[in-house]
Amino acid sequence: VMVHAGATERWTAVCDEGTRKTELLRNLQEAMRRWEGWEALPEYWWPERHEDAWERAEAFVASVRERPEQRIVFVGHGGFWEIVLGRYLRNCAHVC
């Protein structure tokens, strides 16, 4: 399991802002604190108001292409996946 800030929601309102990394780590179970990627995650990992969501999506896709795995499962927000996939994914939707 890997934590990656690239798949966060696009910023449209204050409700799209997250929880600081230190608070997340403090409240997670030990097994989750061992997930890969925490060290690279910024303290404030959610997008900013004027962020270029397309640029972030392109960087995320480029980083995925560098991964050695043949099958990967991603969990993220519908607005982000709409940028990557070209269509909105409702809650709990999946693409194979």
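Residues numbered from 1 in each chain as written. Predicted model: local features only at pLDDT ≥ 70, side-chain atom pairs only at ≥ 80, totals over all residues. Heavy atoms only, no water.

1. Brief notes about the packing of aromatic side chains
Here a ring pair, both rings aromatic, is described through the centre-centre distance and the interplanar angle of the planes.
1) Next: What the rule picks out here adds up to 7 aromatic pairs.
2) Next: Ring centres of Phe 60 and Phe 80 lie 5.3 Å apart, and the angle between their planes is 85°; this geometry places the pair in the edge-to-face category. With Phe 60 in helix H3 (residues 53–65) and Phe 80 in helix H4 (residues 78–85), the pair connects residues that are 20 residues apart, well separated along the chain.
3) Next: Judged by relative accessible area, which is 0%, Phe 80 ranks as buried.
4) Next: Here the aromatic residues Phe 60, Phe 74, Phe 80 and Trp 81 are joined through ring pairs into a cluster of three or more. (Phe/Tyr/Trp six-rings, centres within 6.5 Å; stacked < 30°, edge-to-face > 60°. Helix = DSSP H or I, 4+ residues; strand = E, 2+ residues; numbered from the N terminus. Buried < 20%, exposed > 50% of the residue type's maximum accessible area, 1.4 Å probe, protein only.)

2. So, the pattern of salt bridges
1) Next: Taken as a whole and judged by the stated rule, the model has 7 salt bridges.
2) Next: The closest approach of N and O atoms between Glu 30 and Arg 34, which form a salt bridge, is 3.7 Å.
3) Next: We classify Glu 30 as partly exposed; its relative accessible area is 42%. (Salt bridge = Lys/Arg side-chain N within 4 Å of Asp/Glu carboxyl O.)

3. Here's the deal with the packing of H3 against H4
1) Next: Where H3 contacts H4, the two axes come as close as 10 Å, and the packing angle between them is 75°. Accordingly, the angle class assigned to the pair H3 and H4 is roughly perpendicular. When H3 is examined against H4, the residues Ala 53, Trp 54, Arg 56, Ala 57, Phe 60 and Val 61 are found in contact with a partner set consisting of Phe 80, Trp 81, Ile 83 and Val 84.
2) Next: Partitioned by chemical class, the residues of the contact of H3 with H4 number 9 nonpolar, no polar and 1 charged. (Axes fitted to C-alpha atoms, helices over the stretch in contact; angles between N-to-C directions. Parallel < 35°, antiparallel > 145°, perpendicular 65-115°, else oblique. Contact = heavy atoms within 4.5 Å. Nonpolar A, V, L, I, M, F, W, Y, C, P; charged D, E, K, R; others polar.)

4. Focus: the nonpolar core
Most often, soluble globular proteins keep nonpolar side chains buried together rather than apart.
1) Next: Of all hydrophobic cores here, the largest spans 8 residues; its members are Ala 7, Ala 53, Ala 57, Phe 60, Phe 80, Trp 81, Ile 83 and Leu 89.
2) Next: At the level of secondary structure, the elements contributing two or more residues to this core comprise H3 and H4.
3) Next: If near-sequence neighbours (up to four positions away) are discounted, Phe 60 is found in contact with His 4, Gly 6, Ala 7, Phe 74, Phe 80 and Trp 81. (Core = buried A, V, L, I, M, F, W, Y, C linked by side-chain atoms within 4.5 Å.)

5. Points about the side chain of Asp 16
1) Next: Looking at the element boundaries, Asp 16 is found in the segment before helix H1 (21–27).
2) Next: No salt bridge is formed by the buried Asp 16; its nearest oppositely charged neighbour, Arg 10, is found at 6.7 Å.
3) Next: For Asp 16, the side chain forms a polar contact with the side chain of Thr 12, separated by 2.6 Å.
4) Next: Ignoring sequence-local partners within four residues, the contact set of Asp 16 consists of Glu 9, Arg 10, Trp 11 and Trp 46. (Lys, Arg positive; Asp, Glu negative; His and termini not counted. Polar contact = N/O pair within 3.5 Å; in protein donor to acceptor, adjacent residues only side chain to side chain.)

6. A short note on the confidence of the model for the chain
In low-pLDDT segments, the atomic positions of the prediction should not be examined closely.
1) Next: In this model, the chain carries an average pLDDT of 90, and 100% of its residues clear a pLDDT of 70 or more.
2) Next: Averaged pLDDT values for the elements of the chain fall to 89 in H4 and rise to 96 in H1. (pLDDT = per-residue confidence, 0-100.)

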